[in-house]
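What the coordinates show
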Amino acid sequence: MKPTILLGTALIPDTRTELKLYSHDGEFSIKIPGRGELMNTRVHGSEIALAELACERMAEKQTPRVLVGGLGMGFTLAAALKSAGPSAEVVVAELVPEVVEWNRTLMGEASGHPLSDPRSKVHVGDVAELIRSEKDGFDAIMLDVDNGPEAMIRRENNWLYTIAGLEAAHDALRPGGVLAVWSAGPDQMFKARLHHAGFKVEEKIVRPNKSGKGSRHYIWVGTSRVKPRV
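From a predicted model like this one, the values you see are computed outputs, not experimental measurements.

**Thoughts on the nonpolar core**
Membership of the largest hydrophobic core comes to 41 residues, with the highest contact counts inside it found for Met142 and Ile219. Sequence-distant contacts of Ile219, that is, excluding residues within four places in its chain, are made with Ser46, Ala49, Leu50, Leu53, Val181, Trp182, Glu202, Glu203, Lys204 and Val206. Counting residues in each nonpolar core, the second largest holds 27 residues, with Val145, Ala172, Phe190 and Trp220 among its members.

**A few points about the layout of surface pockets**
Considering only enclosed or pocket space, the largest pocket measures out at about 970 Å³ in volume. Listing elements by their share of the lining of the largest pocket, those giving two or more residues are strand S3 (27-32), strand S4 (36-40), helix H1 (45-55), helix H2 (75-84) and strand S6 (89-94). Among the elements that line the lining of the largest pocket, the one with the most residues is S4, at 5 residues. Classifying every residue of the lining of the largest pocket by side-chain character gives 21 nonpolar, 13 polar and 8 charged.

**Quick word on the packing of aromatic side chains**
Aromatic rings considered in pairs are described by the distance between their centres and by the relative angle of their planes. Enumeration according to the criterion identifies 3 aromatic pairs in this entry. With centroids separated by 5.8 Å and ring planes inclined at 75°, the aromatic side chains of Tyr161 and Phe190 adopt a geometry described as edge-to-face. Of this pair, Tyr161 sits in the loop between strand S8 (138-143) and helix H5 (163-172) while Phe190 is found in helix H6 (residues 188-196), placing the two residues 29 residues apart along the sequence. The burial state of Tyr161 is the same as that of Phe190; both residues are buried. Judged by centre distance (5.1 Å) and plane angle (65°), the ring pair of Phe190 and Trp220 falls under edge-to-face.

Scoring rules and cut-offs
- Residues numbered from 1 in each chain as written.
- Predicted model: local features only at pLDDT ≥ 70, side-chain atom pairs only at ≥ 80, totals over all residues.
- Heavy atoms only, no water.
- Core = buried A, V, L, I, M, F, W, Y, C linked by side-chain atoms within 4.5 Å.
- Buried < 20%, exposed > 50% of the residue type's maximum accessible area, 1.4 Å probe, protein only.
- Contact = heavy atoms within 4.5 Å.
- 1 Å grid on protein atoms, 1.4 Å probe; cavity = no way out; pocket = protein on both sides within 12 Å on 5 of 7 lines; lining within 4 Å.
- Points joined across faces, edges and corners; volume = space filled by probe spheres on them.
- Helix = DSSP H or I, 4+ residues; strand = E, 2+ residues; numbered from the N terminus.
- Nonpolar A, V, L, I, M, F, W, Y, C, P; charged D, E, K, R; others polar.
- Phe/Tyr/Trp six-rings, centres within 6.5 Å; stacked < 30°, edge-to-face > 60°.

All quantities given are derived from atomic positions and should not be read as evidence of function.
Below is the structure:
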């Protein structure tokens, strides 16, 4: 039996939560002690779907600018680069510096080294900083942060999924822009908040692996629209 090897550890900013990167038989996984596996390079279909669903709704954009919230194993970034076109700029925000370094070195090959693509730009910090500061800055925003609308790891992430956070995302999008949000489970209240924040919403159920089996993940795709006056 091939051993499981610990390759690195990292502390999530503003928390006492530790991430641990492991390799086993050519695959990589990131785990949280006591909570189990957070992500791996074996199963990533829903992460790819997050980017594809967003990018197909901005297909007419010649020079799109895209924001990816959460680098993870790099699969959403790689799919966004593939789908957004040769003139795109894809900004990826990752809170944990070590995760960026792991993608550049230890595990980047699994997703095709998307950080080496000249169209990708890295923001080491909270994606909320970019959402708040860049009005009309993006054609698409893709969020895969802290397991979805019910943040489990870092309480500051909750803001992204509040009405205030969603309204800020709406402001950060250009007219007709797209917000795509990944979640491990359903959340009708969150869907209602998206509507309230000014989005026309589609809910998609996706499977994490190619077989179509396994757990169900949810992606909400919101197209920005003019909010009605209250």
